[in-house]
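Here are the chains, one letter per residue:
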Amino acid sequence: MTAAYEPDDVPTEERWKQIRGQLKKEFGASAYRTWVEPITLCSGEGAAVRLGVPTRFMRDWIQNHYGDRIRALWKEDEPTFRSVDFVVAEATVGVDEAPVALSSREGHVPAASSVAAEPAAAQETMFVPRSARIDGLSAPLDPRYTFENFVVGKPNEFAYAAAKRVADAGEVSFNPLFLYGGVGLGKTHLMHAIARRVRENQPLRSVVYLSAEQFMHRFIRALRQQDTLSFKEQFRSVDVLMVDDIQFISGKESTQEEFFHTFNALVDQGSQIVLSADKSPTDLEQLGQRLRSRMNCGLVADLHPTTFELRLGILESKAEQMKVEVPEPVLEFIAHKITTNGREVEGALTRLVAHAQLVGRPLSVETAQDVLRDLLRAYDKRVTIEEIQKKVAEHFRIRLAEMQSQRRARAVARPRQVAMYLAKQLTSRSLPDIGSCFGGRDHTTVMHAVRKVEELMAADCTFAEDVDFLRCMLEA
Ligand code: ADP
Ligand code: MG
């Protein structure tokens with residue numbers, strides 16, 4: 001296939017634009033929006049082109065599905081082969097490199113150094129203030145992690161309010177603000193949102209955001225280079241220091257010690273500190289008593305496990321950001337089935353949308369069931385249809401065999417319907433699948449059972465309690 005542009009000596013940026021145009025033609029507007037538009041050109045000097053993508057998942061996906069085509073297009077342009085690399089903005093921040101921004105759009109500071117000089121340093125466009133850039137301390141911020149994009153619900157409203165307060169306060173409020181909670185519940189999202197908000201509204205305050213791991217690597221490097229003095233100076237000149245996943249340094253004696261001193265120095269000079277961890281300060285047992293008690297001095301805010309409503313809200317927000325219209329029942333399906341955290345529901349949605357778009361399938365519950373089968377199976381491990389039948393039969397004191405029998409007496413038919421309902425709710429098996437486990441019944445029978453049970457639950461609270469009790473037992 002010939003590309004629809006001139007393979008002449010065009011600047012890399014211009015050429016990337018042409019290639020994107022070509023990809024849009026080849027893959028369609030919708031796939032283009034999801035997969036190609038978020039790609040940023042990081043560097044393109046010499047023989048290598050480096051493209052930045054926001055997440056690891058996207059990198060893998062783009063590499064697998066578009067990588068060859070993108071490479072071929074560059075090659076068409078240039079007889080000398082150019083390698084095309086995809087890098088994840090956040091994950092590739094080497095500890096040694098200053099973040100680099102290529103775009104000089106408003107609010108983005110172009111990098112001072114050449115990107116080609118430091119291969120691991122290429123990043124997507126990002127928001128880096130002058131001071132932090134000079135020091136090269138801060139990691140880049142994911143542009144999607146803003147307060148506006150954060151969905152607030154019961155489990156996280158307190159952490160959200162505290163984060164906003166710190167971001168908008170203009171001076172030190174709670175010190176430190178300590179955010180904690182399980183994986184994927186939005187700690188990093190909130191940290192990025194704070195950093196971005198302060199940089200936008202208070203450009204004179206220097207904000208440094210980095211992971212505890214990056215902090216440790218910098219410290220070790222300073223030790224190796226016998227340069228701890230400038231390490232200390234750098235960190236102690238920061239107005240807002242944000243360290244993510246602080247549990248990482250727990251038990252790492254010398255890093256902990258150094259962090260403790262940095263922490264104290266910053267608090268003493270009136271700088272704001274924001275920390276996150278997977279546990280509360282009290283539960284970070286290896287962190288050392290002194291550090292733990294200092295962390296407890298500020299405000300400790302926890303993020304609780306997600307609820308169905310919160311997951312649904314997150315899915316709606318992510319779908320909007322991806323600029324795709326996903327029918328509500330599909331979002332509800334995912335929110336029901338994937339009960340862990342924001343990261344996993346987002347991953348499921350991305351996968352579903354990608355698949356549907358590439359293969360041209362409708363975004364329906366059936367497609368979701370199909371595309372997410374292996375993911376859902378992992379959740380299903382917890383409860384099988386056989387277990388459901390057994391528990392329900394025990395509960396209603398009928399024989400297990402009645403689950404599959406053709407008897408229609410209410411005393412056995414009702415429990416059977418309840419079991420079908422629970423099978424639909426608690427597993428990802430399809431209606432025909434469920435039907436076949438109940439003595440080879442038709443999928444319409446299962447559908448009828450589900451509806452009947454829903455009706456009864458709405459009308460009769462004793463019955464509803466019974467069903468809920470069974471559900472809890474099975475889920476436990
Ligand atoms: P953590 O740092 O707590 O492990 P992250 O902040 O990395 O979790 O969140 C994982 C993913 O889930 C991110 O893509 C994030 O945007 C999303 N997410 C989690 N909670 C929310 C929320 N309340 N609103 C919007 N997105 C969320
Ligand atoms: Mg995190």
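Because the structure is a prediction, the values reported are computed rather than measured. (Residues numbered from 1 in each chain as written. Chains lettered and ligands numbered in written order. Predicted model: local features only at pLDDT ≥ 70, side-chain atom pairs only at ≥ 80, totals over all residues. Heavy atoms only, no water.)

(A) Local environment of the overall build of the protein. Of regular secondary structure, the protein possesses 21 helices and eight strands. In the protein, buried positions account for 51% of the 476 residues. Working note: accessible area of the protein is about 22,300 Å², and carbon and sulfur atoms make up 50% of it. (Helix = DSSP H or I, 4+ residues; strand = E, 2+ residues; numbered from the N terminus. Buried < 20%, exposed > 50% of the residue type's maximum accessible area, 1.4 Å probe, protein only. Areas by Shrake-Rupley, 256 points an atom, 1.4 Å probe, with all protein chains shown as cover.)

(B) Fine view of the site of ligand 1. The environment of ligand 1 is made up of 18 residues, and the closest members are Val151, Gly184, His189, Lys318 and Glu346. Between glycine 184 and ligand 1, the recorded distance is 2.7 Å, taken from a backbone N or O atom to an oxygen atom. Considering ligand 1 on its own, with 560 Å² of exposed area, one finds that the protein chains cover 96% of that surface. The set of elements that each furnish at least two residues to the shell around ligand 1 consists of helix H7 (187-201), helix H12 (308-321) and helix H14 (342-359). Per-class residue counts for the shell around ligand 1 are six nonpolar, eight polar and four charged. (Near = heavy atom within 4 Å. Polar contact = N/O pair within 3.5 Å; in protein donor to acceptor, adjacent residues only side chain to side chain. Nonpolar A, V, L, I, M, F, W, Y, C, P; charged D, E, K, R; others polar.)

(C) The arrangement of the packing of aromatic side chains in detail. A complete count under the given rule lists nine aromatic pairs for this structure. Taking 5.4 Å as the distance between ring centres and 90° as the angle between the ring planes, the aromatic pair formed by phenylalanine 215 and phenylalanine 259 counts as edge-to-face. Of this pair, phenylalanine 215 sits in helix H8 (residues 212-224) while phenylalanine 259 sits in helix H10 (residues 253-268); the two residues are 44 residues apart in sequence, bridging distant segments of the chain. Comparing phenylalanine 215 with phenylalanine 259, the two get one shared label, buried. One aromatic cluster is present, built from ring pairs that chain together Phe215, Phe219, Phe231, Phe235, Phe259 and Phe263. Residue placement shows lysine 252 over the ring face of phenylalanine 248; its charged tip is 4.1 Å from the ring centre. (Phe/Tyr/Trp six-rings, centres within 6.5 Å; stacked < 30°, edge-to-face > 60°. Lys NZ or Arg CZ within 6 Å of the ring centre and 35° of its normal.)

(D) Focus on the nonpolar core. Ranked by internal contacts, the top residues of the largest apolar core, which has 29 residues, are Ile388, Val392, Val418, Leu422, Phe438 and Val467. Within the residue set of this core, elements represented by two or more residues are helix H17 (385-396), helix H18 (410-426), helix H19 (431-437), helix H20 (443-459) and helix H21 (461-475). Ignoring sequence-local partners within four residues, the contact set of phenylalanine 438 consists of Ile385, Gln389, Met403, Gln404, Arg416, Ala419 and Met420. (Core = buried A, V, L, I, M, F, W, Y, C linked by side-chain atoms within 4.5 Å. Contact = heavy atoms within 4.5 Å.)

(E) Quick peek at the packing of H18 against H21. Interaxial distance between H18 and H21 falls to 11 Å at its minimum, and their mutual angle equals 50°. Considering the angle they form, H18 stands oblique to H21. As H18 runs across H21, the sense of the crossing is right-handed. Within the contact between the two elements, H18 uses Arg414, Val418, Tyr421, Leu422, Gln425 and Leu426 and H21 uses Phe463, Val467, Leu470, Arg471, Leu474 and Glu475. The residue inventory of the contact of H18 with H21, partitioned by class, reads eight nonpolar, one polar and three charged. (Axes fitted to C-alpha atoms, helices over the stretch in contact; angles between N-to-C directions. Parallel < 35°, antiparallel > 145°, perpendicular 65-115°, else oblique. Left-handed = near helix turned anticlockwise from the far one by under 90°.)

(F) Seen up close, the confidence of the model for the protein. Looking at the protein, pLDDT values average 83 and 86% of them are 70 or higher. The low-confidence segment residues 1-8, where pLDDT is below 50, has 21 contacts with residues more than four positions distant or belonging to other chains. This stretch, residues 90-134, has a pLDDT under 50; its non-local contacts, to residues over four places away or in other chains, come to 89 contacts. (pLDDT = per-residue confidence, 0-100.)

(G) Representation of the sheet that holds strand S2 (residues 48-53) within the structure. Spatially, S1-S2-S3 is the arrangement adopted by the three strands of the open sheet, whose pairing is mixed. One side of each edge strand has no neighbouring strand; the edge strands of this open sheet are strand S1 (40-43) and strand S3 (83-88). On average, each strand axis in the sheet is tilted by 35° relative to the strand beside it, whichever way the strands run. (Pairing = 2+ DSSP bridges.)

(H) Region of the structure containing the sheet that holds strand S4 (residues 177-181). On the basis of which strands lie adjacent, the open sheet formed by five strands has the order S5-S6-S7-S4-S8 and parallel pairing. Of all strands in the sheet, those with a lone pairing partner are strand S5 (207-211) and strand S8 (299-303), marking the two edges. Taken over all neighbouring pairs, the strand axes of this sheet differ in orientation by 15° on average, direction set aside. In this sheet, S8 lies alongside S4 in parallel orientation, the contact comprising five bridges. Paired with phenylalanine 178 across the bridge in S8 is valine 300. On the sheet, H7 packs against S4, S5, strand S6 (240-244), strand S7 (272-277) and S8 and is oriented at approximately 160° with respect to S5. H8 rests against S5 and S6 of the sheet, and its axis sits at about 95° to S5.

(I) Focus on H12. With 14 residues, H12 ought to run about 20 Å at 1.5 Å a step, and its terminal C-alpha atoms sit 20 Å apart, in line with that. All buried positions along H12 are accounted for by Leu310, Arg311, Leu312, Gly313, Ile314, Leu315, Ser317, Lys318 and Ala319. Looking at the buried side of H12, the elements it contacts are helix H13 (328-337) and H14. Remark: lysine 323 follows H12 within two positions and exhibits a positive phi of approximately 55°. (Expected span 1.5 Å × (residues − 1).)

(J) View of the pattern of salt bridges. Per the stated rule, a full pass over the model turns up 20 salt bridges. Residue glutamate 26 pairs with arginine 69 through a salt bridge whose shortest N-O separation is 2.7 Å. Of this pair, glutamate 26 sits in helix H1 (residues 12-27) while arginine 69 is found in helix H4 (residues 67-77), placing the two residues 43 residues apart along the sequence. Within this structure, Asp142, Arg144, Lys318 and Glu346 form a network of salt bridges that share partners. (Salt bridge = Lys/Arg side-chain N within 4 Å of Asp/Glu carboxyl O.)

(K) Region of interest: unusual backbone geometry. Omega for the peptide link from asparagine 175 to proline 176 comes to -5°, which places this bond in the cis form. Topologically, proline 176 is positioned in the loop between helix H6 (157-168) and S4.

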